[in-house]
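# Structural features, examined
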Amino acid sequence: MLKARTFAVASLMSLLSVGGLGAAELKVGYVDTQRIFREAPAAQKAAKKLESEFSRRDQELQRMAKQLQGLQESLEKNGVAMGESERRAKEKELGDLSREFQRRQREFREDLNLRQNEENAAIIEKANRAIKQIADTDKYDLILQDVVWVSPRLDVTDRVIKALSDGK
């Protein structure tokens with residue numbers, strides 16, 4: 001990965017020198033994608049939408065978990081005093097409930113991840129349009145995302161968030 005980044009930086013530097021652009025002429029900006037996911041109104045709206053969409057299933061899973069815990073505790077506490085057939089029935093009930101809980105929990109996570117990815121893709125699409133518009137308007141040569149370090153003076157994230165807030 002480090003070799004790829006080194007190659008990319010070297011390629012950029014050689015492109016700039018071959019293209020005749022000096023460092024003073026190059027206009028570079030940076031966008032913090034994680035801040036967009038945290039602060040942009042579209043991202044906050046998507047988070048609330050997902051929360052309301054999945055809250056009922058989450059509460060159902062929490063109820064099932066409590067039921068499982070109660071059944072487990074009851075079996076541990078009263079298992080010795082129970083008859084063999086009653087204990088086996090409770091163990092079977094616990095096993096069945098545990099498998100059902102795990103299945104529902106797995107489906108919940110898969111569905112939630114799928115929806116989060118869909119919402120994130122829509123936010124990224126809007127952000128990319130806003131970034132492109134800012135780049136065109138202000139004549140940026142390069143706008144980067146996900147860098148190790150960047151000077152705050154190059155950060156245009158606030159402008160992208162504002163553009164997303166304005167619905168541009």
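It should be noted that the structure appears before, not after, this text.
Residues numbered from 1 in each chain as written. Predicted model: local features only at pLDDT ≥ 70, side-chain atom pairs only at ≥ 80, totals over all residues. Heavy atoms only, no water.

Another point: the packing of helix 3 (residues 41–78) against helix 4 (residues 84–138). It is the contact of helix 3 with helix 4, at a shortest axis distance of 10 Å, that shows an interaxial angle of 170°. With respect to their mutual orientation, helix 3 and helix 4 come out roughly antiparallel. For the contact of helix 3 with helix 4, a count of residues per class yields 17 nonpolar, five polar and 15 charged. (Axes fitted to C-alpha atoms, helices over the stretch in contact; angles between N-to-C directions. Helix = DSSP H or I, 4+ residues; strand = E, 2+ residues; numbered from the N terminus. Parallel < 35°, antiparallel > 145°, perpendicular 65-115°, else oblique. Nonpolar A, V, L, I, M, F, W, Y, C, P; charged D, E, K, R; others polar.)

Across the chain, the bulk of peptide bonds are trans and the bulk of non-glycine residues have phi less than zero. The backbone phi angle of Lys139 is positive, close to 55°, even though this residue is not glycine. Here Lys139 falls in the exposed class, since its relative accessible area comes to 62%. (Buried < 20%, exposed > 50% of the residue type's maximum accessible area, 1.4 Å probe, protein only.)

In this structure, Arg159 sits in helix 5 (residues 157–165). Spatially, the C-alpha atom of Arg159 lies 8.0 Å from that of Ile134, the residues being 25 residues apart in sequence. Contacts of Arg159, omitting those with residues within four sequence positions, involve Ile134, Asp138 and Tyr140. (Contact = heavy atoms within 4.5 Å.)

We now examine the nonpolar core. In this structure, Val31, Ile36, Ile123, Val160 and Leu164 are the most contacted members of the largest nonpolar core, which totals 18 residues. Where this core is concerned, the elements lending two or more residues are helix 3, helix 4 and helix 5. Leave out the neighbours within four places in its chain, and Val31 touches Ile36, Ile131, Ile143, Leu144, Gln145, Asp146, Asp155, Val156, Thr157 and Val160. One finds Leu94, Leu97, Phe101 and Phe108 within the second-largest nonpolar core, a separate group that totals 13 residues. (Core = buried A, V, L, I, M, F, W, Y, C linked by side-chain atoms within 4.5 Å.)

The full count for this structure, using the stated rule, is one aromatic pair. The ring of Tyr140 carries the charged tip of Lys27 above its face, separated from the ring centre by 4.7 Å. (Phe/Tyr/Trp six-rings, centres within 6.5 Å; stacked < 30°, edge-to-face > 60°. Lys NZ or Arg CZ within 6 Å of the ring centre and 35° of its normal.)

Before going further, it helps to spend a moment on the side chain of Thr157. Secondary-structure assignment places Thr157 in helix 5. When neighbours within four sequence positions are excluded, Thr157 is seen to be in contact with Tyr30, Val31, Asp32, Arg35 and Ile36.

On inspection of all chains with the given rule, the structure shows 22 salt bridges. The salt bridge partner of Glu60 is Arg104, with a shortest N-O separation of 2.7 Å. Of this pair, Glu60 sits in helix 3 while Arg104 sits in helix 4, placing them 44 residues apart in sequence. Under the relative-accessibility criterion, Arg104 is labelled partly exposed at 31%. In this structure, Asp136 engages Lys132 in a salt bridge whose closest nitrogen and oxygen atoms are separated by 3.0 Å. One end of the pair is Asp136 and the other is Lys132, both in helix 4 and four residues apart, which spans about a single turn. Asp136 sits in the partly exposed class, given a relative accessible area of 45%. (Salt bridge = Lys/Arg side-chain N within 4 Å of Asp/Glu carboxyl O.)

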